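If you want the building blocks of each chain, they are given just below.
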Amino acid sequence: MADPRGFLKHTRADAPKRPTDDRLGDWQEVYAALSAEDRNAQVSTQASRCMDCGIPFCHSGSAGCPLGNLIPEWNDMVRRGQWQAASDRLHATNNFPEFTGKLCPAPCEAACVLAISPEAGGAVTIKRVEETIAEVSWENDYVAAQVTEAHTGKRVAVVGSGPAGLAAAQQLTRAGHEVTVYERDDRIGGLLRYGIPEFKMEKSVLDRRLAQMRDEGTKFITGCEVGVDLSVEDLRAGYDAVVLAVGALRGRDDTTIPGRELKGVHLAMEHLVPANKECEGDGPASITAQGKHVIILGGGDTGADCYGTATRQGALSVTQLDNYPQPPTSRDDDRSPWPTWPYILRTYPAHEEAGERKFAVAIESFVGDDEGNVRAVRLREVKVQRDENGRRQVVPISDEVEELPCDLALLAIGFEGVEHMPLLDGLGIDLTKRGTIGCGSNWETTAPGVFVCGDAHRGASLVVWAIAEGRSVANAVDAHLTGASQLPSPVHPTALPLAV
């Protein structure tokens, strides 16, 4: 059993980071490299804080991990130094623990029983333990291709190569189907490749997993937009089932802001994608923050990614704006009681490096120069409220206007859903009011034999939900093709995180 007094003996300790100046001088991951011996010892100590609770909310699909990761089990295996057993247990529920270990915001930690009270010392560092298990697995060759000898003769096309599409593809390949993943970009990975900055996850981490998938038999085709380069008729004729994992990449814009048309005002992905391509060796980014005053509108993950990218590109200044007031630094039990996802101030490593954040402000207008370039932004203090129909309104509360220099403005204010594409028109699939692709209880869309998963179905969400949906849709496709399936299905299409 677990050590019931472990959390009393040891305090929470997150992974150490590299010095700020070093981080700003390269694109490597922000965390310090430790020797395998020191890293494993530290993480084993952290894992010993897990109490193996009678009701482990950490792997509850509604409050904690939607994948159902058996967290207390592999925590205790790590405590005992049983790394291979921990690897087997972790990979049983998660195809890509190195992705979630680096990128997931860890709802499992928010739902940890030790997160109830600050007196308990804080949640177990589940995310750090998970990432370390994954790294130990690769270092010791615990990760191997799982090649099936039983082939069904059925062919499946997966459209989109983000985490949902990759999870579905790996599961279906292992079930014996012939799977081909189509990606319109020049490299596989979706947002993992071109949305996530290198300093959050080096792409060698993605490439080694893709090599495993190729060894298992999954085929990949890049530079192919299905519905254009491959017709819908040929898609239907060549495959017994289709999985749509096309993401929700239609960026939200705000064309009502005066000056939005000025040069130098961009959506966030217009900045992140070329920056990631430059890190891949494709030449200088078409949009760079070098030598510029940068304003980022939006306080979420994408805004933080732009923030860290801009500082590494050599921005003169970086200011991130949020319409909402600064959140509290600790959980407000009245607003977001345990084990729900807490409404608190989230400080990313990028925020520790440079720049500043401003809360409860909005851009009144962009100011341009004589050549049509943005040169400044004008800000007003605001509050966010709802009108009588429940629609969100951003209302100025002060007549005072603050002007900040701005040579590059990035709108990181979310995503509106699936991009409009010929593929959906050809399949006869309409988007929902939320801009997503709807499905039935078996993940099948209104087009027979066509299934959906990930952000395309859920809307912009977390990597852990994408993998969970990819695994679940694989079960549905396998059952559709063979009559029954033994593949795991961790979430239902209607599943939602626990909220107040």
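Residues numbered from 1 in each chain as written. Predicted model: local features only at pLDDT ≥ 70, side-chain atom pairs only at ≥ 80, totals over all residues. Heavy atoms only, no water.

**A closer look at the overall build of the chain**
- Helix and strand counts for the chain come out as 17 helices and 16 strands.
- In terms of its C-alpha atoms, the chain occupies a principal-axis envelope of roughly 70 × 65 × 50 Å.
- Across the chain, the fraction of contacts at a sequence separation of at least 24, relative to all contacts at a separation of at least 6, is 69%.
- Total accessible area computed for the chain in this model is approximately 21,800 Å², and 48% of it derives from carbon and sulfur atoms. (Helix = DSSP H or I, 4+ residues; strand = E, 2+ residues; numbered from the N terminus. Contact = heavy atoms within 4.5 Å. Areas by Shrake-Rupley, 256 points an atom, 1.4 Å probe, with all protein chains shown as cover.)

**As for helix α3 (residues 36-47)**
- Taking 1.5 Å per residue, twelve residues should reach 16 Å; α3 reaches 16 Å between its end C-alpha atoms and fits that length.
- Among the residues of α3, those classed as buried are Arg39, Asn40, Val43, Ser44, Gln46 and Ala47. All buried residues of α3 fall inside an arc of 160° around its axis, so they share one side.
- In the core, the buried residues of α3 are packed alongside α4 (71-79), α5 (83-91) and α8 (126-139). (Expected span 1.5 Å × (residues − 1). Buried < 20%, exposed > 50% of the residue type's maximum accessible area, 1.4 Å probe, protein only. Arc of directions from axis to C-beta.)

**Regarding the sheet that holds strand β14 (residues 408-411)**
- With parallel pairing, the five strands of this open sheet are ordered in space as β6-β14-β7-β8-β9. In this open sheet, the two edge strands, each paired with only one partner strand, are β6 (265-267) and β9 (356-359). Recorded for the sheet is a direction-independent mean angle of 20° between the axes of neighbouring strands.
- Bridge count for β6 against β14 is three bridges, and the pairing is parallel. Paired with leucine 267 across the two strands is leucine 411, which belongs to β14.
- Contacts from helix α13 (residues 268-279) reach β6 and β14 within the one sheet, and its direction differs from that of β6 by about 75°.
- Lying over the sheet, helix α14 (residues 301-313) contacts β7 (293-297), β8 (317-322), β9 and β14, oriented at roughly 170° with respect to β8. (Pairing = 2+ DSSP bridges. Axes fitted to C-alpha atoms, helices over the stretch in contact; angles between N-to-C directions.)

**Some thoughts on the pairing of strand β10 (residues 361-368)**
- Summarising burial for β10: six of the eight residues are buried, a large majority.
- In this sheet, strand β11 (residues 374-386) lies alongside β10 in antiparallel orientation, the contact comprising seven bridges. By the bridge assignment for β11, valine 361 is matched with glutamate 381.
- Connecting the antiparallel pair β10 and β11 is a turn made up of five residues, with glycine 372 showing a positive phi of about 80°.

**Re the UniProt feature "domain: Dihydroprymidine dehydrogenase" (unreviewed entry) in the chain**
- Residues given the UniProt feature "domain: Dihydroprymidine dehydrogenase" (unreviewed entry) here are residues 39-140.
- Counting secondary structure, residues 39-140 comes out at 51% helix and 0% strand; the distance between its end C-alpha atoms is 15 Å. (UniProt positions renumbered as here; feature names shortened; annotations may be inferred.)

**Some details on the sheet that holds strand β16 (residues 450-452)**
- Strands sit in the order β3-β2-β1-β4-β16 across an open sheet of five strands; the sheet is parallel. Each edge of the open sheet carries a strand with a single partner, namely β3 (219-221) and β16. Geometrically, the sheet is characterised by an average inter-axis angle of 20° between neighbouring strands, direction not taken into account.
- As judged from the five bridges shared by strand β1 (residues 155-159) and strand β2 (residues 178-182), these two strands associate in the parallel manner. Its bridge partner lying in β2, valine 159 is registered against tyrosine 182.
- Where helix α9 (residues 163-174) meets the sheet, its contacts fall on β1, β2, β3 and β4 (241-244), and the angle it forms with β2 comes to roughly 165°.

**Focus: the packing of α9 against helix α11 (residues 203-216)**
- For the pair α9 and α11, the least separation of the axes is 10 Å and the interaxial angle reads 30°. With respect to α11, the element α9 is oriented roughly parallel. Between α9 and α11 lies a crossing whose hand is left-handed. Contact residues: α9 offers Leu166, Ala169, Gln170, Thr173 and Arg174, while α11 offers Leu206, Leu210, Gln212, Met213 and Glu216.
- Residues belonging to the contact of α9 with α11 are distributed by class as follows: five nonpolar, three polar and two charged. (Parallel < 35°, antiparallel > 145°, perpendicular 65-115°, else oblique. Left-handed = near helix turned anticlockwise from the far one by under 90°. Nonpolar A, V, L, I, M, F, W, Y, C, P; charged D, E, K, R; others polar.)

**Re the pattern of salt bridges**
- What the rule picks out here adds up to 36 salt bridges.
- Linking lysine 102 and glutamate 131 is a salt bridge whose minimum nitrogen-to-oxygen distance equals 2.6 Å. Here the residue lysine 102 occupies a position in helix α6 (residues 97-103), and glutamate 131 occupies one in helix α8, the gap between them amounting to 29 residues.
- In this structure, the salt-bridge partner of arginine 250 is glutamate 416, at a minimum N-O distance of 3.8 Å. Pair noted here: arginine 250 is in strand β5 (residues 250-251) and glutamate 416 is in strand β15 (residues 415-417), with a separation of 166 residues, a long-range link. (Salt bridge = Lys/Arg side-chain N within 4 Å of Asp/Glu carboxyl O.)

**Here we look at the side chain of serine 365**
- Relative to the helices and strands, serine 365 resides in strand β10.
- When its relative accessible area of 10% is taken as the criterion, serine 365 is described as buried.
- With sequence-adjacent residues up to four places away left out, serine 365 is seen in contact with Ile257, Pro258, Ala376, Val377 and Arg378.

**Quick notes on the environment of valine 374**
- Turning to its location among the elements, valine 374 is positioned in strand β11.
- Separated by 113 residues in the primary sequence, valine 374 and glutamate 261 place their C-alpha atoms 9.1 Å from one another.
- With sequence-adjacent residues up to four places away left out, valine 374 is seen in contact with Leu262, Lys263, Gly264, Val265, Phe366, Val367, Gly368, Cys406, Asp407 and Leu408.

**Section: helix α17 (residues 463-482)**
- When the terminal C-alpha atoms of α17 are compared, their 29 Å separation across 20 residues agrees well with the 28 Å that a helix rising 1.5 Å per residue should span.
- With 17 of 20 residues buried, α17 lies mostly within the body of the structure.

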